[in-house]
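Residues per chain are reported as follows:
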Amino acid sequence: MSGSLAVELLAVLMPVLYAVLVLLYGLAFFGTYPAVERVKARVLFAVIVAHLAYLALRTAVFDHPPITSLFEIMSVLAVSIAIGYAYIEVRTRTGTTGFFILLLALAFQTASSLFVKDSPQIPAYLHSYVLGFHVSAALLGYTAISLSAVYGLLYLLLYREMKSTRFGVIYARLPNLEMLETMSDNAVVFGFIALTVAIVIGILWLPRVFQEYSYWDPKLIGTIVIWLLYAAGLAAKKILGWQGRKTMIIALVAFGFVFLSMTVINLYLSSFHRFH
Amino acid sequence: MDLLSIGISHHTAPLEVRERMWFSHEEIAGALTRLKDGLFRECVLVSTCNRTELYGIGPAQGIDGTSLTKLLIDVKGAGGTVRAEHFHSVESGGAINHLFKVAAGIDSMVIGDIQILNQLKEAFALAKEADTMGPVLNRLMQATLHVGKRVRTETSICEGAVSVSYAAVELANKIFADLGKKSALLIGAGETGELTLKHLLGKGIGHVKIANRTRAKAEALADAMGGTVVDYDAIVDALRSVDIIISSVNSPSYVVQPEEVQQVMKQRWNNPLFIIDIGVPRNVNPAARKIDNVFLYDMDALGAIVDMNLERRKTEIPKVTRIIREELAGLLRWHNSLEVGPTIQEFRETLETIRSQEVGKHVNRFRPEDRELLDLVTKRIVNKILHHPTTVLKQGGEGNDHSNESILRVKTLRELFGFSGNGRDRHED
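The rules behind these values
- Residues numbered from 1 in each chain as written.
- Chains lettered and ligands numbered in written order.
- Predicted model: local features only at pLDDT ≥ 70, side-chain atom pairs only at ≥ 80, totals over all residues.
- Heavy atoms only, no water.
- 1 Å grid on protein atoms, 1.4 Å probe; cavity = no way out; pocket = protein on both sides within 12 Å on 5 of 7 lines; lining within 4 Å.
- Points joined across faces, edges and corners; volume = space filled by probe spheres on them.
- Helix = DSSP H or I, 4+ residues; strand = E, 2+ residues; numbered from the N terminus.
- Nonpolar A, V, L, I, M, F, W, Y, C, P; charged D, E, K, R; others polar.
- Contact = heavy atoms within 4.5 Å.
- Buried area = accessible area lost by both parts, 1.4 Å probe.
- Salt bridge = Lys/Arg side-chain N within 4 Å of Asp/Glu carboxyl O.
- Polar contact = N/O pair within 3.5 Å; in protein donor to acceptor, adjacent residues only side chain to side chain.
- Phe/Tyr/Trp six-rings, centres within 6.5 Å; stacked < 30°, edge-to-face > 60°.
- Buried < 20%, exposed > 50% of the residue type's maximum accessible area, 1.4 Å probe, protein only.
- Lys NZ or Arg CZ within 6 Å of the ring centre and 35° of its normal.
- Pairing = 2+ DSSP bridges.
- Axes fitted to C-alpha atoms, helices over the stretch in contact; angles between N-to-C directions.

Peer 1: Help me understand empty space enclosed by the protein, please; the structure alone is not making it clear to me.
Peer 2: To find the voids left in a structure, one rolls a probe of water-molecule size over its atoms. Counting across every chain of the model gives 3 cavities of 30 Å³ or more. Its boundaries defined by the atoms lining it, the largest cavity holds a volume of some 110 Å³. Looking at the largest cavity, the residues that line it are Asp185(A), Val188(A), Tyr230(A), Gly233(A), Leu234(A), Lys237(A), Thr247(A), Met248(A), Ile250(A) and Ala251(A). When contributions to the lining of the largest cavity are tallied by element, the ones reaching two or more residues are α7 (177-209), α8 (218-239) and α9 (245-269) of chain A. For the lining of the largest cavity, the per-class residue count stands at 6 nonpolar, 2 polar and 2 charged. Residue lining of the second largest cavity: Ala103(B), Ala104(B), Gly105(B), Asp113(B), Ile114(B), Ile116(B), Leu117(B), Gly148(B), Val151(B), Arg152(B) and Cys158(B), and that is the complete set. Breaking the lining of the second largest cavity down by element, the ones donating at least two residues are α4 (92-104), α5 (115-129) and α6 (135-154) of chain B. Top contributing element to the lining of the second largest cavity by residue count: α6(B), with 3 residues.

Here it is, written out as structure tokens:
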């Protein structure tokens, strides 16, 4: 039982670690603390390693990957957002957007740690490889979409400051508009592809496993709406030449739907797609 | 530290006075040679458009701020315009503190000005050429440059544009990721416009175009800057292909209207358009600001950026002051350690002289077989007396935070035992 105790302790610890991380990135963004600037990236990597260790331990103790419930998946989403951000920070050498993105990771991890339950016994179909692909694709998609939403939000904040000519900390610290837009756009394209894969696998595979499967399920409809929103956004960009503010608003609205789909629909409406 | 400094700066004198005290490189070399000749052991003269300052180590007897000021005014032959009250004079720690403040850019006219550090480097190099650098100034130079470097890396006092033309470049960098892939169009002539274009070129802007009512002017500027000329009547067409527009035309009415911009934005697939309107009266109808992906800024907006950056720089001053305090303490500790060694040496020698003299005087009263013992015993007494004071002095000399106390101890000891001058002079000779 010591293994499950360790898992419980780590589950409590993870939001604390993310809170520390967010605090450091917040200090670096809103103030000037050279010491914080120097250590924040190292702390980020340490937290990612700790989080992966937590997930590995969870997998070992409960004998299944942590993808069987919404709150387990939220934890995986949190770490994959953190990893995605770490990649961006290393790649672009700009560490100023971390506060906003890691705030999202903190939110997901906190929700996960608060509500996650140990589930030693899970239905047999959750051991399927196909499920693994479905969930991985969905996770990658949601991670990318989350990143695109944060960058979209930052773009809009900076855009507003620059248009109003009231220059504040957002103007002083954020990278340029073009870079924020490119980040958001790239994340949307990546997320859209991953989401498409997840949906296709879901539609083909789920009816075979679930007796009560229905094409009118709120989860499926919600996901299709999200997919259509992103498709419309991408089309507006390609065909109508939309750029900047308008496409960023679409990215944010679509993310709002993603959030609804993950919370309200998953918890209260869906007939299948919840496993406990 | 026996450092004496006098100077004239924008704090103490207006431009017409300062300019009379400006020294060219040749004049600096001449003045330094003259000062080294019997007035200072080491000296350096800094002269920029905002200040002329002299720092001298080990002033000769009778040399003080007043006499030095007179001398410097005489060297420039500026007696009529420049008066003694235009100068400030500081000594030792105060002078170092002032030099550090200058290097840090908090004494500059535009706070955080980074040019000054290079000018200081130049001044020290000139002093080296004139052979007026010595061990103390060398160390002072290192500490000064270190202050400058730390201030730049540890604070953001040098960050943010503080001129209108740089503010435009700062904005461009907030809109575009890579200026190398962008192009700019300058409409009209004017100093600020040209300066902005130059800064953009300095930041590696991909291509520049120039339009002017007088085509010859545009051609001359395009030749000088390596750009191409655009017909003044075809400006609106040019808006389609450029990303940055700098407009400074003398025109009673708007040169560019919102409808035109709206039209152009469609043609350029909504690619962001950055317009810097530095014309007074304005060249671009401000209504164009409302169009998506159009970033239009006039003189007021650019001025707001400059003001904001200056304010932000001011908030960094406490950090800068802290760095200066740290470096000042370090320098004083070093300087103090210079005096501790020779002082201990002198202390030891003085007591040894007294001992050997007294032993010599009375040695005949002792039996020959006791004389060796007499020598030994008296030496032991002297060593025991010396032991504690030298230990305490050495501790102060090797650092710690008691530099001021230690300076006082050395000074007191030298006074009590009547050691002349300061220890370092002896040491160097």
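Peer 1: For this particular structure, what's the right way to read the interface of chain B and chain A?
Peer 2: Size of an interface: often given as the accessible area lost when the parts come together. Across the contact, 29 residues belong to chain B and 28 residues belong to chain A. Ranking the residues of chain B by area buried against chain A places Lys174(B), Trp269(B) and Asp292(B) at the top, with a combined share of 29%. The interface formed by chain B and chain A contains 2 salt bridges. Here Glu178(A) ties to Lys182(B) by a salt bridge, and the two come within 3.5 Å at their closest N and O atoms. Across the chain B-chain A interface, the total number found is 18 residue pairs in polar contact (both at pLDDT 80 or more). When residues of the side of chain B that touches chain A are traced back to their parent elements, those giving at least two are α7 (164-175), β10 (294-298) and α12 (299-314) of chain B. The biggest single contributor to the side of chain B that touches chain A is α7(B), with 5 residues.

Peer 1: Even after reading the chapter, I still don't get the packing of aromatic side chains, so can you show me in this structure?
Peer 2: Two numbers describe a pair of aromatic rings. These are the distance of the centres and the angle of the planes. Within the structure shown, the criterion is met by 14 aromatic pairs over all chains. On the basis of an interplanar angle of 75° and a centroid distance of 5.6 Å, the ring pair of Tyr159(A) and Phe295(B) is categorised as edge-to-face. Of this pair, Tyr159(A) sits in helix α5 (residues 129-164) while Phe295(B) sits in strand β10, each in a different chain. No difference in accessibility class separates Tyr159(A) from Phe295(B), as the two residues are buried. Both rings, one in Phe274(B) and one in Tyr297(B), keep their centres 5.9 Å apart while their planes meet at 75°; by these two values the pair is edge-to-face. Residue Phe274(B) is located in strand β9 (residues 273-277), and its partner Tyr297(B) is located in strand β10; the two are separated by 23 residues in the primary sequence. Here a set of aromatic residues connected by ring pairs shows up, and it is made of Phe29(A), Phe30(A), Phe99(A) and Phe100(A). Over the face of the ring belonging to Phe23(B) we find Lys76(B), whose NZ or CZ atom lies 5.3 Å from the ring centre. Directly above the aromatic system of Tyr171(A) lies the positively charged group of Lys174(B), at a separation of 5.7 Å from the ring centroid.

Peer 1: Looking at this structure, I do not really get the sheet that holds strand β1 (residues 3-9) of chain B. What am I missing?
Peer 2: Within a sheet, neighbouring strands are paired by backbone hydrogen bonds and run either parallel or antiparallel to one another. Residues and elements named next belong to chain B. Pairing is antiparallel across the open sheet formed by 4 strands, whose spatial order is β2-β3-β1-β4. Strands at the two margins of the open sheet, each flanked by one partner only, are β2 (42-47) and β4 (88-91). On average, each strand axis in the sheet is inclined to that of its neighbour by 10°, with strand direction left out of account. Relative to strand β3 (residues 51-57), β1 runs antiparallel, the two being bridged by 7 bridges. The partner of Ser5 across the bridge, within β3, is Tyr55. Across the sheet, helix α2 (residues 25-36) lies against β2 and β3, angled at about 155° from β2, the strand it touches most. Packing of α6 onto the sheet brings it into contact with β1, β2 and β3, and relative to β2 it is tilted by some 40°.

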